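# Notes for the structure review
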Amino acid sequence: MKKHLIALFSAASLFAFISCGSTPTAEPQVDVTPAPVEEPKPEPTPEPVAEDFSSANQALLSQADAARQKAIDAGAEKYFPEVLASDDKFYEEVKAEVAANPSADHSEKIKEVIKRYDALATASLAKELKAKADEMGLSDATAEKALADFEASDNGTDMKTNADKALSAYSALMAEHLLSLAKSEREAALAAKKNADSVKAGVAKKAEYTAASNTFKKADSSFVTKDIEGAYKGYNSAKNTFTALFNEISEKRAAAQAAIERAKKRVAEAETYTVEADSIAPLTGEVAGIEKEDAVLLEADNFANPDDAVIDVEDSAEAKAAAAIDEAVNQGVNALENALNKGDAK
(Lines give C-alpha, C1' and ligand atoms only; values in the text may rest on other atoms or scores of the structure.)
Protein backbone atom coordinates (compact mmCIF):
# COMPACT_ATOMS: atom_id res chain seq x y z
CA MET A 1 0.00 0.00 0.00
CA LYS A 2 2.77 2.40 0.84
CA LYS A 3 4.46 1.68 -2.47
CA HIS A 4 1.31 2.37 -4.24
CA LEU A 5 0.94 5.93 -2.65
CA ILE A 6 4.54 6.80 -3.45
CA ALA A 7 4.01 5.89 -7.09
CA LEU A 8 0.83 7.97 -7.29
CA PHE A 9 2.55 11.00 -5.74
CA SER A 10 5.46 10.69 -8.15
CA ALA A 11 3.14 10.58 -11.15
CA ALA A 12 1.32 13.68 -9.96
CA SER A 13 4.55 15.58 -9.48
CA LEU A 14 5.76 14.64 -12.99
CA PHE A 15 2.51 15.78 -14.53
CA ALA A 16 2.76 19.10 -12.72
CA PHE A 17 6.35 19.61 -13.93
CA ILE A 18 5.39 18.95 -17.53
CA SER A 19 2.43 21.35 -17.33
CA CYS A 20 4.65 24.15 -15.94
CA GLY A 21 7.25 23.76 -18.65
CA SER A 22 4.81 24.10 -21.50
CA THR A 23 3.08 27.45 -20.30
CA PRO A 24 4.54 30.64 -22.02
CA THR A 25 6.02 33.37 -19.83
CA ALA A 26 3.58 36.34 -19.44
CA GLU A 27 4.95 39.74 -20.50
CA PRO A 28 4.98 42.51 -17.89
CA GLN A 29 1.93 44.82 -17.95
CA VAL A 30 2.60 48.55 -18.80
CA ASP A 31 0.59 51.09 -16.84
CA VAL A 32 -0.95 53.46 -19.47
CA THR A 33 -3.01 55.52 -17.03
CA PRO A 34 -2.13 59.24 -17.71
CA ALA A 35 -0.38 61.03 -14.95
CA PRO A 36 -2.66 63.47 -13.18
CA VAL A 37 -2.35 67.03 -14.56
CA GLU A 38 -1.95 69.59 -11.89
CA GLU A 39 -4.58 72.30 -12.30
CA PRO A 40 -3.12 75.87 -12.35
CA LYS A 41 -4.05 77.84 -9.36
CA PRO A 42 -6.27 80.87 -10.29
CA GLU A 43 -4.74 84.28 -9.87
CA PRO A 44 -6.29 86.20 -7.03
CA THR A 45 -8.95 88.68 -8.32
CA PRO A 46 -7.82 92.24 -7.61
CA GLU A 47 -10.09 94.41 -5.63
CA PRO A 48 -12.10 96.73 -8.04
CA VAL A 49 -10.76 100.29 -8.08
CA ALA A 50 -13.55 102.89 -7.85
CA GLU A 51 -13.58 105.40 -10.74
CA ASP A 52 -12.65 108.93 -9.73
CA PHE A 53 -15.21 111.50 -10.96
CA SER A 54 -13.57 114.48 -9.28
CA SER A 55 -12.55 116.23 -12.51
CA ALA A 56 -15.87 115.54 -14.21
CA ASN A 57 -17.76 116.90 -11.20
CA GLN A 58 -15.73 120.10 -11.18
CA ALA A 59 -16.29 120.63 -14.90
CA LEU A 60 -20.05 120.27 -14.44
CA LEU A 61 -20.02 122.62 -11.46
CA SER A 62 -18.33 125.24 -13.65
CA GLN A 63 -21.15 124.83 -16.17
CA ALA A 64 -23.68 125.24 -13.38
CA ASP A 65 -22.00 128.48 -12.25
CA ALA A 66 -22.15 129.80 -15.81
CA ALA A 67 -25.82 128.82 -16.14
CA ARG A 68 -26.65 130.62 -12.90
CA GLN A 69 -24.90 133.80 -14.07
CA LYS A 70 -26.80 133.61 -17.36
CA ALA A 71 -30.06 133.51 -15.42
CA ILE A 72 -28.97 136.51 -13.33
CA ASP A 73 -28.06 138.45 -16.48
CA ALA A 74 -31.46 137.65 -17.99
CA GLY A 75 -33.22 139.27 -15.00
CA ALA A 76 -33.98 136.30 -12.75
CA GLU A 77 -33.51 138.38 -9.60
CA LYS A 78 -36.13 140.85 -10.84
CA TYR A 79 -38.66 138.53 -12.43
CA PHE A 80 -38.42 135.27 -10.45
CA PRO A 81 -36.71 135.89 -7.09
CA GLU A 82 -38.46 132.96 -5.39
CA VAL A 83 -37.57 130.50 -8.14
CA LEU A 84 -33.98 131.70 -8.07
CA ALA A 85 -33.83 131.25 -4.29
CA SER A 86 -35.19 127.71 -4.61
CA ASP A 87 -32.69 126.81 -7.32
CA ASP A 88 -29.84 128.29 -5.28
CA LYS A 89 -30.84 126.21 -2.26
CA PHE A 90 -30.85 123.03 -4.33
CA TYR A 91 -27.48 123.96 -5.82
CA GLU A 92 -25.94 124.48 -2.40
CA GLU A 93 -27.14 121.03 -1.33
CA VAL A 94 -25.57 119.46 -4.40
CA LYS A 95 -22.28 121.27 -3.83
CA ALA A 96 -22.25 120.03 -0.23
CA GLU A 97 -22.68 116.43 -1.44
CA VAL A 98 -19.83 116.87 -3.90
CA ALA A 99 -17.59 118.30 -1.20
CA ALA A 100 -18.39 115.38 1.13
CA ASN A 101 -17.55 112.76 -1.51
CA PRO A 102 -15.69 114.48 -4.37
CA SER A 103 -14.71 111.32 -6.27
CA ALA A 104 -18.25 109.92 -6.55
CA ASP A 105 -20.41 110.46 -9.63
CA HIS A 106 -22.65 113.47 -8.99
CA SER A 107 -23.38 114.21 -12.65
CA GLU A 108 -27.12 113.53 -12.51
CA LYS A 109 -27.81 116.11 -9.80
CA ILE A 110 -25.44 118.71 -11.20
CA LYS A 111 -27.07 118.41 -14.64
CA GLU A 112 -30.42 118.96 -12.95
CA VAL A 113 -29.04 122.19 -11.48
CA ILE A 114 -27.93 123.32 -14.94
CA LYS A 115 -31.37 122.56 -16.43
CA ARG A 116 -33.09 124.62 -13.75
CA TYR A 117 -30.89 127.65 -14.26
CA ASP A 118 -31.19 127.41 -18.06
CA ALA A 119 -34.97 127.30 -17.72
CA LEU A 120 -34.87 130.28 -15.37
CA ALA A 121 -32.87 132.33 -17.89
CA THR A 122 -35.36 131.52 -20.66
CA ALA A 123 -38.35 132.31 -18.48
CA SER A 124 -36.80 135.64 -17.49
CA LEU A 125 -36.46 136.61 -21.16
CA ALA A 126 -40.10 135.65 -21.69
CA LYS A 127 -41.12 137.74 -18.67
CA GLU A 128 -39.28 140.75 -20.10
CA LEU A 129 -41.20 140.40 -23.36
CA LYS A 130 -44.41 140.10 -21.37
CA ALA A 131 -43.66 143.44 -19.69
CA LYS A 132 -43.26 145.08 -23.13
CA ALA A 133 -46.45 143.42 -24.37
CA ASP A 134 -48.34 144.69 -21.32
CA GLU A 135 -47.17 148.25 -22.04
CA MET A 136 -48.53 147.94 -25.59
CA GLY A 137 -51.80 146.42 -24.44
CA LEU A 138 -50.97 143.03 -25.95
CA SER A 139 -51.57 139.62 -24.38
CA ASP A 140 -51.28 135.92 -25.17
CA ALA A 141 -53.12 133.29 -23.11
CA THR A 142 -50.78 130.47 -24.14
CA ALA A 143 -47.70 132.42 -23.09
CA GLU A 144 -49.20 133.46 -19.76
CA LYS A 145 -50.20 129.88 -18.92
CA ALA A 146 -46.73 128.61 -19.83
CA LEU A 147 -45.15 131.09 -17.41
CA ALA A 148 -47.52 130.01 -14.66
CA ASP A 149 -46.70 126.35 -15.35
CA PHE A 150 -43.00 127.19 -15.24
CA GLU A 151 -43.29 128.58 -11.73
CA ALA A 152 -45.30 125.55 -10.63
CA SER A 153 -42.81 123.01 -12.04
CA ASP A 154 -40.56 121.11 -9.64
CA ASN A 155 -37.96 119.67 -12.02
CA GLY A 156 -35.60 121.01 -14.63
CA THR A 157 -37.15 119.26 -17.62
CA ASP A 158 -40.66 120.62 -17.04
CA MET A 159 -39.33 124.04 -16.17
CA LYS A 160 -37.39 124.23 -19.45
CA THR A 161 -40.34 122.98 -21.52
CA ASN A 162 -42.70 125.61 -20.12
CA ALA A 163 -40.11 128.40 -20.29
CA ASP A 164 -39.40 127.64 -23.96
CA LYS A 165 -43.12 127.65 -24.72
CA ALA A 166 -43.61 131.03 -23.04
CA LEU A 167 -40.65 132.66 -24.81
CA SER A 168 -41.74 131.32 -28.19
CA ALA A 169 -45.29 132.62 -27.77
CA TYR A 170 -44.26 136.09 -26.60
CA SER A 171 -41.63 136.35 -29.34
CA ALA A 172 -44.25 135.59 -31.98
CA LEU A 173 -46.66 138.11 -30.43
CA MET A 174 -44.06 140.90 -30.39
CA ALA A 175 -42.83 140.09 -33.89
CA GLU A 176 -46.35 140.38 -35.28
CA HIS A 177 -46.89 143.68 -33.50
CA LEU A 178 -43.53 145.07 -34.56
CA LEU A 179 -44.29 144.16 -38.17
CA SER A 180 -47.45 146.25 -37.99
CA LEU A 181 -45.59 149.12 -36.33
CA ALA A 182 -42.77 149.01 -38.89
CA LYS A 183 -45.30 149.10 -41.73
CA SER A 184 -47.01 152.17 -40.28
CA GLU A 185 -43.71 153.87 -39.51
CA ARG A 186 -42.50 153.34 -43.08
CA GLU A 187 -45.60 155.04 -44.45
CA ALA A 188 -45.14 157.90 -41.98
CA ALA A 189 -41.48 158.29 -42.95
CA LEU A 190 -42.37 158.48 -46.66
CA ALA A 191 -45.00 161.13 -45.94
CA ALA A 192 -42.49 163.14 -43.86
CA LYS A 193 -39.93 162.91 -46.67
CA LYS A 194 -42.43 164.25 -49.21
CA ASN A 195 -43.09 167.20 -46.92
CA ALA A 196 -39.34 167.80 -46.64
CA ASP A 197 -39.03 167.61 -50.43
CA SER A 198 -41.80 170.19 -50.77
CA VAL A 199 -39.64 172.79 -49.00
CA LYS A 200 -36.49 171.79 -50.89
CA ALA A 201 -34.79 170.28 -47.82
CA GLY A 202 -32.26 168.59 -50.10
CA VAL A 203 -30.95 172.06 -50.95
CA ALA A 204 -31.43 173.92 -47.68
CA LYS A 205 -30.13 171.13 -45.41
CA LYS A 206 -28.31 168.79 -47.75
CA ALA A 207 -26.24 166.86 -45.16
CA GLU A 208 -29.14 166.15 -42.81
CA TYR A 209 -31.48 165.31 -45.68
CA THR A 210 -28.98 162.88 -47.24
CA ALA A 211 -28.36 161.16 -43.89
CA ALA A 212 -32.09 160.69 -43.31
CA SER A 213 -32.54 159.27 -46.82
CA ASN A 214 -29.73 156.77 -46.23
CA THR A 215 -31.28 155.78 -42.90
CA PHE A 216 -34.56 155.10 -44.68
CA LYS A 217 -32.82 152.94 -47.28
CA LYS A 218 -31.05 150.95 -44.56
CA ALA A 219 -34.38 150.45 -42.79
CA ASP A 220 -35.85 149.03 -46.00
CA SER A 221 -32.97 146.56 -46.14
CA SER A 222 -33.63 145.54 -42.53
CA PHE A 223 -37.35 145.17 -43.26
CA VAL A 224 -36.68 142.81 -46.16
CA THR A 225 -34.21 140.70 -44.14
CA LYS A 226 -36.72 140.28 -41.27
CA ASP A 227 -34.89 142.56 -38.84
CA ILE A 228 -38.23 144.14 -38.02
CA GLU A 229 -37.08 145.94 -34.88
CA GLY A 230 -34.11 147.44 -36.74
CA ALA A 231 -36.41 148.48 -39.59
CA TYR A 232 -38.85 150.16 -37.20
CA LYS A 233 -36.07 152.13 -35.52
CA GLY A 234 -34.65 153.19 -38.89
CA TYR A 235 -38.02 154.37 -40.25
CA ASN A 236 -38.71 156.20 -36.99
CA SER A 237 -35.34 157.97 -37.12
CA ALA A 238 -35.79 158.96 -40.77
CA LYS A 239 -39.33 160.18 -40.10
CA ASN A 240 -38.20 162.34 -37.19
CA THR A 241 -35.37 163.89 -39.21
CA PHE A 242 -37.54 164.63 -42.25
CA THR A 243 -40.20 166.11 -39.99
CA ALA A 244 -37.66 168.28 -38.18
CA LEU A 245 -36.23 169.50 -41.50
CA PHE A 246 -39.69 170.37 -42.80
CA ASN A 247 -40.59 172.27 -39.63
CA GLU A 248 -37.29 174.15 -39.45
CA ILE A 249 -37.27 175.17 -43.11
CA SER A 250 -40.97 176.05 -43.02
CA GLU A 251 -40.42 178.30 -40.02
CA LYS A 252 -37.49 180.02 -41.70
CA ARG A 253 -39.50 180.41 -44.87
CA ALA A 254 -42.37 181.89 -42.93
CA ALA A 255 -40.02 184.27 -41.17
CA ALA A 256 -38.44 185.23 -44.49
CA GLN A 257 -41.85 185.71 -46.09
CA ALA A 258 -42.92 187.94 -43.23
CA ALA A 259 -39.75 189.96 -43.67
CA ILE A 260 -40.45 190.26 -47.39
CA GLU A 261 -43.98 191.44 -46.71
CA ARG A 262 -42.67 194.03 -44.28
CA ALA A 263 -40.09 195.15 -46.82
CA LYS A 264 -42.76 195.40 -49.53
CA LYS A 265 -44.85 197.51 -47.21
CA ARG A 266 -41.92 199.82 -46.48
CA VAL A 267 -41.10 200.05 -50.20
CA ALA A 268 -44.69 200.92 -50.97
CA GLU A 269 -44.70 203.53 -48.27
CA ALA A 270 -41.37 204.88 -49.53
CA GLU A 271 -42.65 205.04 -53.10
CA THR A 272 -45.69 206.98 -51.98
CA TYR A 273 -43.50 209.38 -50.04
CA THR A 274 -41.10 209.73 -53.00
CA VAL A 275 -43.90 210.51 -55.42
CA GLU A 276 -45.20 213.13 -53.09
CA ALA A 277 -41.71 214.60 -52.50
CA ASP A 278 -40.89 214.56 -56.19
CA SER A 279 -44.04 216.41 -56.99
CA ILE A 280 -43.06 219.05 -54.52
CA ALA A 281 -39.31 219.24 -55.25
CA PRO A 282 -38.21 217.07 -58.16
CA LEU A 283 -34.52 216.01 -58.30
CA THR A 284 -32.36 217.02 -61.26
CA GLY A 285 -28.98 215.60 -62.34
CA GLU A 286 -27.04 212.79 -60.64
CA VAL A 287 -27.26 212.47 -56.89
CA ALA A 288 -24.43 210.93 -54.81
CA GLY A 289 -25.38 207.53 -53.40
CA ILE A 290 -27.97 206.79 -56.08
CA GLU A 291 -26.89 204.47 -58.89
CA LYS A 292 -27.83 204.83 -62.49
CA GLU A 293 -30.88 202.96 -63.66
CA ASP A 294 -28.89 200.49 -65.79
CA ALA A 295 -26.12 199.88 -63.19
CA VAL A 296 -25.27 196.20 -62.33
CA LEU A 297 -25.38 195.94 -58.57
CA LEU A 298 -24.87 192.17 -58.14
CA GLU A 299 -23.26 189.41 -60.16
CA ALA A 300 -25.71 187.21 -62.03
CA ASP A 301 -26.59 184.03 -60.10
CA ASN A 302 -26.92 180.77 -62.01
CA PHE A 303 -29.56 179.02 -59.86
CA ALA A 304 -29.42 175.20 -59.86
CA ASN A 305 -32.62 173.27 -60.12
CA PRO A 306 -33.59 172.37 -56.50
CA ASP A 307 -35.45 169.30 -57.72
CA ASP A 308 -32.08 167.78 -58.63
CA ALA A 309 -31.30 167.56 -54.89
CA VAL A 310 -34.27 165.25 -54.19
CA ILE A 311 -33.13 161.72 -53.30
CA ASP A 312 -35.37 158.90 -54.51
CA VAL A 313 -35.69 156.34 -51.71
CA GLU A 314 -38.38 154.26 -53.42
CA ASP A 315 -36.56 153.08 -56.54
CA SER A 316 -34.05 150.59 -55.06
CA ALA A 317 -34.56 146.81 -55.00
CA GLU A 318 -34.82 146.89 -51.20
CA ALA A 319 -37.46 149.63 -51.32
CA LYS A 320 -39.54 147.71 -53.84
CA ALA A 321 -39.28 144.54 -51.76
CA ALA A 322 -40.23 146.45 -48.62
CA ALA A 323 -43.18 148.00 -50.45
CA ALA A 324 -44.27 144.52 -51.56
CA ILE A 325 -44.18 143.29 -47.95
CA ASP A 326 -46.08 146.41 -46.94
CA GLU A 327 -48.75 145.66 -49.54
CA ALA A 328 -48.95 142.02 -48.41
CA VAL A 329 -49.59 143.20 -44.86
CA ASN A 330 -52.30 145.54 -46.15
CA GLN A 331 -53.97 142.69 -48.02
CA GLY A 332 -53.86 140.51 -44.92
CA VAL A 333 -55.47 143.27 -42.84
CA ASN A 334 -58.15 143.86 -45.48
CA ALA A 335 -58.91 140.15 -45.68
CA LEU A 336 -59.27 139.98 -41.92
CA GLU A 337 -61.56 143.03 -41.87
CA ASN A 338 -63.73 141.55 -44.64
CA ALA A 339 -64.01 138.27 -42.75
CA LEU A 340 -65.00 140.13 -39.58
CA ASN A 341 -67.56 142.22 -41.50
CA LYS A 342 -69.09 139.09 -42.99
CA GLY A 343 -69.29 137.57 -39.53
CA ASP A 344 -71.08 140.69 -38.21
CA ALA A 345 -73.49 140.59 -41.14
CA LYS A 346 -74.48 137.04 -40.26
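Summary of the structure given here.

Rules of the game
- Residues numbered from 1 in each chain as written.
- Predicted model: local features only at pLDDT ≥ 70, side-chain atom pairs only at ≥ 80, totals over all residues.
- Heavy atoms only, no water.
- Helix = DSSP H or I, 4+ residues; strand = E, 2+ residues; numbered from the N terminus.
- Axes fitted to C-alpha atoms, helices over the stretch in contact; angles between N-to-C directions.
- Parallel < 35°, antiparallel > 145°, perpendicular 65-115°, else oblique.
- Left-handed = near helix turned anticlockwise from the far one by under 90°.
- Contact = heavy atoms within 4.5 Å.
- Nonpolar A, V, L, I, M, F, W, Y, C, P; charged D, E, K, R; others polar.
- Salt bridge = Lys/Arg side-chain N within 4 Å of Asp/Glu carboxyl O.
- Buried < 20%, exposed > 50% of the residue type's maximum accessible area, 1.4 Å probe, protein only.
- Expected span 1.5 Å × (residues − 1).
- Patch = residues over 30% accessible without salt bridge, like charges linked within 9 Å, V, L, I, M, F, W, Y side chains within 5 Å.
- Areas by Shrake-Rupley, 256 points an atom, 1.4 Å probe, with all protein chains shown as cover.
- Lys, Arg positive; Asp, Glu negative; His and termini not counted.
- Charge placed at Lys NZ, Arg CZ, Asp CG, Glu CD.
- Phe/Tyr/Trp six-rings, centres within 6.5 Å; stacked < 30°, edge-to-face > 60°.
- Core = buried A, V, L, I, M, F, W, Y, C linked by side-chain atoms within 4.5 Å.
- Polar contact = N/O pair within 3.5 Å; in protein donor to acceptor, adjacent residues only side chain to side chain.

### A closer look at the environment of A204
- Here A204 lies in helix 8 (residues 201-204).
- The spatial distance from the C-alpha of A204 to the C-alpha of I249 is 7.5 Å, given a sequence separation of 45 residues.

### Section: the packing of helix 4 (residues 81-100) against helix 5 (residues 107-135)
- At a minimum axis distance of 10 Å, the contact between helix 4 and helix 5 shows a crossing angle of 160°. With respect to their mutual orientation, helix 4 and helix 5 come out roughly antiparallel. You can see that helix 4 and helix 5 cross each other, and the crossing is left-handed. Here helix 4 contributes V83, L84, D87, D88, F90, Y91, V94, E97 and V98 to the contact with helix 5, which in turn contributes K109, I110, E112, V113, R116, Y117 and L120.
- Partitioning the contact of helix 4 with helix 5 into residue classes produces 10 nonpolar, no polar and 6 charged.

### Examining the pattern of salt bridges
- Tallying each qualifying case throughout the model produces 14 salt bridges.
- Note that E92 and K95 form a salt bridge whose closest N and O atoms lie 3.1 Å from each other. Placement of both E92 and K95 in helix 4 is noted, with a separation of 3 residues, approximately one turn of the helix.
- A relative accessible area of 29% means that K95 is categorised as partly exposed.
- Between R116 and E112 there is a salt bridge, with the nearest N and O atoms lying 2.9 Å from each other. Taken together, the residues R116 and E112, both in helix 5 and 4 residues apart, mark about one turn of the helix.
- Using a relative accessible area of 13% as the deciding quantity, one classes R116 as buried.

### Regarding helix 4
- With 20 residues, helix 4 extends 29 Å from end C-alpha to end C-alpha; this agrees with the ideal 28 Å at 1.5 Å per step.
- Those residues of helix 4 not exposed but buried are V83, L84, D87, D88, F90, Y91, V94 and V98.
- Here the buried face of helix 4 lies against helix 2 (54-73), helix 3 (76-79), helix 5, helix 6 (141-152) and helix 7 (156-198).

### Some words on a negative patch on the surface
- A cluster of acidic side chains, namely E51, D52, D105 and E108, defines a negative patch on the protein surface.
- Note on placement: D52 falls in the loop between helix 1 (2-22) and helix 2.

### Focus: unusual backbone geometry
- At K200, a residue that is not glycine, the phi angle is positive and equals roughly 60°.
- In this structure, K226 is a non-glycine residue whose phi angle is positive, near 70°.
- In this structure, K226 sits in the loop between helix 9 (206-224) and helix 10 (228-280).
- Given a relative accessible area of 63%, K226 falls into the exposed group.

### Comments concerning the environment of Y79
- Summarising the element assignment, Y79 is placed in helix 3.
- C-alpha separation for the pair Y79 and K127, spaced 48 residues apart in sequence, amounts to 6.7 Å.
- In this structure, Y79 is in contact with A74, S124, K127 and E128, ignoring residues within four places of it in sequence.

### Some details on the packing of helix 5 against helix 6
- Orientation of helix 5 relative to helix 6, taken along the N-to-C sense of each, is 145°, at an axis distance of 11 Å. As for how helix 5 packs across helix 6, the hand of that crossing is left-handed. Residue-level inspection shows A119, L120, A123, A126, K127 and K130 of helix 5 in contact with helix 6, the latter providing E144, L147 and F150.
- Here the contact of helix 5 with helix 6 is composed, by residue class, of 6 nonpolar, no polar and 3 charged.

### With respect to the packing of aromatic side chains
- Going through the model one piece at a time under the given rule, you end up with 5 aromatic pairs.
- Ring centres of F80 and F150 lie 5.1 Å apart, and the angle between their planes is 70°; on these two criteria the pair is classed as edge-to-face. A residue pair is termed long-range when its members are at least 10 positions apart, and F80 in the loop between helix 3 and helix 4 and F150 in helix 6 qualify at 70 residues. Accessibility assignment for this pair places F80 and F150 in one class, buried.
- Clustering of aromatic rings is evident, with ring pairs tying together F216, F223 and Y235.

### Side note on the nonpolar core
- Grouped together as the largest cluster of nonpolar side chains are 39 residues, with contacts concentrated most on F80, I110, L120 and F150.
- Taken together, the elements giving at least two residues each to this core come down to helix 2, helix 3, helix 4, helix 5, helix 6 and helix 7.
- For this core, the element with the most residues is helix 5, which contributes 11 residues.
- Residues within four places of F150 in sequence aside, it is in contact with F80, V83, A119, L120, A123, M159, N162 and A163.

### Details of the environment of G230
- In this structure, G230 sits in helix 10.
- Separated by 10 residues in sequence, G230 and D220 place their C-alpha atoms 9.6 Å apart.

### Let's talk about the side chain of H106
- You can see H106 is positioned in the loop between helix 4 and helix 5.
- Given a relative accessible area of 12%, H106 falls into the buried group.
- At a separation of 2.8 Å, a polar atom in the side chain of H106 contacts the main-chain carbonyl oxygen of N101.
- When residues no more than four places from it in sequence are discounted, the contact partners of H106 are N57, E97, V98 and N101.

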